Amino acid sequence: MTKYKNYDSIRKCVKYYNDNNYCGVIALVVAAGIGYGKSFHRLKKYGRTTGRGTPGYAMRRALKDFNLGASLCEKYGRAFKTLSQVRKNCRRLKGVYFVLSTTHVGCIKDGVYYDWAAKPNTKNQRNVKVFKITPYCSDLHLNSPW
């Protein structure tokens, strides 16, 4: 069951944490189906500084805590060159995916893109890779972005 209906409903929680650069926190919220506070505190436990973004090692450890792992998606891993292309094509992605660009991460869950980049006319970023989020297994670290 999804805890939040859309990106804006998750973003409302941010004001209580006085946070910036929280794309990783929201990606974990959607992928693990948890609340913003739980995601915020778990990432903080593993080294995320409030307002400074999420380091890859913190995301990897937090995902593992929720029995999740990330691996480059075979079909869509490098299919999109920009976030704009992801926004146009995300409806066909079923399951849970992280969309990574150079300095950003968003999450797609069953065709819904949970991210500010999902809105039309938002700034575009390049160097996009799509990672499938699946139940954790030790083989995943070989193909993980972190």
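Refer to the preceding data block for the structure.
Residues numbered from 1 in each chain as written. Predicted model: local features only at pLDDT ≥ 70, side-chain atom pairs only at ≥ 80, totals over all residues. Heavy atoms only, no water.

## Let's talk about the overall build of the protein chain
The number of helices and strands found in the protein chain is five helices and five strands. Start at the N end of the protein chain and walk to the C end: the helices and strands fall as α-α-α-α-β-α-β-β-β-β. Its C-alpha radius of gyration of 14 Å places the protein chain within 12% of the 15 Å reference for a compact globule of 146 residues. Based on the C-alpha atoms only, the size of the protein chain along its principal axes is roughly 40 × 35 × 30 Å. By sequence separation, contacts in the protein chain at least 24 residues apart represent 60% of the contacts at least 6 residues apart. (Helix = DSSP H or I, 4+ residues; strand = E, 2+ residues; numbered from the N terminus. Rg over C-alpha atoms; globule rule 2.2 N^0.38 Å. Contact = heavy atoms within 4.5 Å.)

## As for the pattern of salt bridges
Per the stated rule, a full pass over the model turns up three salt bridges. Between Arg11 and Asp8 there is a salt bridge, and its shortest N-O distance comes to 3.9 Å. Taken together, the residues span about one helical turn, with Arg11 and Asp8 both in helix α1 (residues 7-11) at a distance of three residues. Among the residues examined, Arg11 registers a relative accessible area of 40% and is labelled partly exposed. The partner of Arg42 in a salt bridge is Asp65, with the nearest N and O atoms 3.1 Å apart. Of this pair, Arg42 sits in helix α3 (residues 36-45) while Asp65 sits in helix α4 (residues 56-65), and the two are 23 residues apart along the sequence. With relative accessibility at 35%, the residue Asp65 sits in the partly exposed group. (Salt bridge = Lys/Arg side-chain N within 4 Å of Asp/Glu carboxyl O. Buried < 20%, exposed > 50% of the residue type's maximum accessible area, 1.4 Å probe, protein only.)

## Overview of helix α2 (residues 23-32)
Counting buried positions over the ten residues of α2 gives eight, a clear majority of the element. Here α2 has its buried residues at Gly24, Val25, Ile26, Ala27, Leu28, Val29, Val30 and Ala31. Looking one or two residues past α2, Gly33 carries a phi angle of roughly 70°, positive in sign.

## Regarding the pairing of strand β2 (residues 96-101)
Taken across its six residues, β2 has six buried, putting it largely inside the fold. Burial along β2 is two-sided: Val96, Phe98 and Leu100 facing one way and Tyr97, Val99 and Ser101 facing the other are all buried. Where β2 lies against strand β3 (residues 104-109), six bridges are found, and the strand directions are antiparallel. When the sheet's bridge partners are listed, Tyr97 is paired in β3 with Ile108. The hairpin turn running from β2 into β3, its antiparallel successor, is two residues long. (Pairing = 2+ DSSP bridges.)

## A few points about unusual backbone geometry
Here Asn21, not a glycine, exhibits a phi torsion of approximately 50°, which is positive. Here Asn21 shows up in the loop between α1 and α2. Phi at Asn67 is positive, roughly 60°, even though this residue is not glycine. With respect to the helices and strands, the residue Asn67 is situated in the loop between α4 and β1 (68-72).

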